[in-house]
Amino acid sequence: MRKVAIVGAGMTKFVRRALETPKELAYEATKTALDSCDLRLEDIDCVAHGSAPDAFDGIHQKGEYLADGCGGWNKPTMRVYVGGGTGVHAIIHGWHHIASGMFDTCLVVCEEKMSSAMPHAQGFFLTIFDAITERSLHPNLLWIFALEMNRYMQRYGYTKEDMALVAVNNKRNGLKNPASQFKDEVTVEDVLNSEIMAYPVSRLDVSPVSDGAAAIVLAAEPVARRLTDKPIWIEGVGWTLDTAYWGTRDLYYPRYLDKAARMAYEMAGIREPAKQINIAEPYDPFGYKALHHMEGLQLSPRGKTVELLRDGHFALDGNLPMCPSGGLLGVGNPIAAAGTMKVCELFWQLRGEAGERQVPGNPRLGVAQAWGDLMQVSSVVVVGN
Amino acid sequence: MAILERITRNIDNRFWDPGSEAFPVKNRYTAGMAGQRFFKEIKENGKIFGSKCQSCKITYVPARIYCERCFERLEEWVDVGTEGTIYSFTVVYKTKSGKPKESPSIIVAVKIADGLLIHRLNGCSVEDIQIGMPVKAEFKPKAERRGGIEDIKYFKPL
Ligand SMILES: [Zn+2]
């Protein structure tokens, strides 16, 4: 397999309600990514794009619809979709295109416009639940998270205050991100005082509904070295899924991530991830999920993650900064675009281009991860400079 | 398989009204950066605009913010007039539930500059319609326009 590098990145602001059409959002991110590495569309061999449920943008076969906004006109173009995991999975998908030797350059673009769903995007999730055993109870996604969060808290004796620390950390980082849709700092009290949606999930434990797009440019090694002095290499990729039957799954430990992470680390030659990884961008649609995922990524011992967070281990200037971008909680959550945003962030961080939120000490290795489908799939990408 | 249900004639496979089981969520769309301006021109000025890519020599109708071929941002807006030619057409005889329509309706793809608008054709009998025929947009009275594609009532032969 050939070595693959990220040579450019771009994203739109994440916003509550964009005037742009989904195609136009995709174009803005793609154009910015191309401009960032001085490439033209004619230099691109293929497109790997991603978007979560068609229903969010309200366009069936959204991949085909989005293609020209992603630079896919008259090019080999393929959409990937694994729900919330899409944003990182699309990068693995693009990596395949180049690692295989088929193509030298690939655009990876992810877009989501959730504001089109009225009254709320949650309505579209009704049909992901089992039609016979669950749907008549009118479930929604919050139920899944609430059950997981409660089980996780009970398993390790954590409190809602412990879980609120994540929203505080990530939202604080997000304030330094020009793409963020937020402008206010949030305290533990704010999180605890925000209304309970489905116990134990409170409103500020949850990432927002957002519109946005993010894109990266991938290139094979010789092309990458010609294009830039600072290529960021994709060192490892991994993806797996756990059972879709909740009853046979650990709700307090993300087994769907354990194997995906080990797969990516093995490929990257990483034996001690907690010591070797310098920056982590775990998927954080809810506060507790970032902790869950730090454990699944083998970056924190099970049941010790809150202590490490309290000790500043995961702060911007800590040993292992968590979500320096601000994450989904701090920047916004246009589903597929949010995962790609995490890899954009690692690209900027490892090149020393992250501005105000730059992690000190010349970080060398970063890991990004996203989670989705029926809440049981995970995708992991390890990058290094 | 416990239930065997086989349709041997296509015509038996019909559209039905979902009635009260309709999905409890809908989508609301924006016209976008290009669409906003495109429909404002139709609504306020009765004009159809395209956007031109100088390097590809293509004028997109409806106007867009980018060229899909070279990815340049399109800044040059062009008034392409309100006339075009029939690029293709179809005549619709039945409703979606399979009942005969009171009168057949003609749907045309109208070529304007390098783009296509899909719309209705009026003022022309089914026998007389031809590909290549010149047509013109008939707008609703200004007070009735809402800033959408229905601000054009239909196209009619020149
Ligand atoms: Zn062009």
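It should be noted that the structure appears before, not after, this text.
The paragraphs below set out a description of the structure included in this document.

**Quick word on the state of the cysteines**
Scanning the model with the defined rule gives 0 disulfides over all chains in all. Counting only cysteine sulfurs, Cys344(A) is the nearest neighbor of Cys323(A), a cysteine outside any disulfide, at a range of 14 Å.

**Brief notes about the pairing of strand S4 (residues 105-113) of chain A**
Residue and element names in this part refer to chain A. The buried fraction of S4 amounts to 9 of the 9 residues, a majority that puts the element mostly inside the structure. Along S4, one buried face is formed by Thr 105, Leu 107, Val 109, Glu 111 and Lys 113 and the opposite face, lined by Cys 106, Val 108, Cys 110 and Glu 112, is buried too. Alignment of strand S2 (residues 46-50) against S4, held across 5 bridges, turns out to be parallel. When the bridges of S4 are listed, His 49 appears paired with Val 109. As paired strands, S4 and strand S8 (residues 211-220) are joined by 9 bridges and run antiparallel to one another. Residue pairing in the sheet places Glu 112 in a bridge with Gly 212 of S8.

**Structural notes on the packing of aromatic side chains**
How two aromatic rings sit relative to each other is given by the distance of their centres and the angle of their planes. Applying the stated rule across the entire model yields 16 aromatic pairs over all chains. Their ring planes at 65 degrees and their centres at 5.5 Å tell us that Tyr152(A) and Tyr158(A) sit as a pair that is edge-to-face. Tyr152(A) sits in the buried class, given a relative accessible area of 0%. Here Tyr66(B) and Phe71(B) contribute two aromatic rings whose centre-to-centre distance is 5.9 Å and whose plane-to-plane angle is 65 degrees, an arrangement assigned as edge-to-face.

Cut-offs applied
- Residues numbered from 1 in each chain as written.
- Chains lettered and ligands numbered in written order.
- Predicted model: local features only at pLDDT ≥ 70, side-chain atom pairs only at ≥ 80, totals over all residues.
- Heavy atoms only, no water.
- Disulfide = S-S within 2.5 Å.
- Buried < 20%, exposed > 50% of the residue type's maximum accessible area, 1.4 Å probe, protein only.
- Helix = DSSP H or I, 4+ residues; strand = E, 2+ residues; numbered from the N terminus.
- Pairing = 2+ DSSP bridges.
- Phe/Tyr/Trp six-rings, centres within 6.5 Å; stacked < 30°, edge-to-face > 60°.

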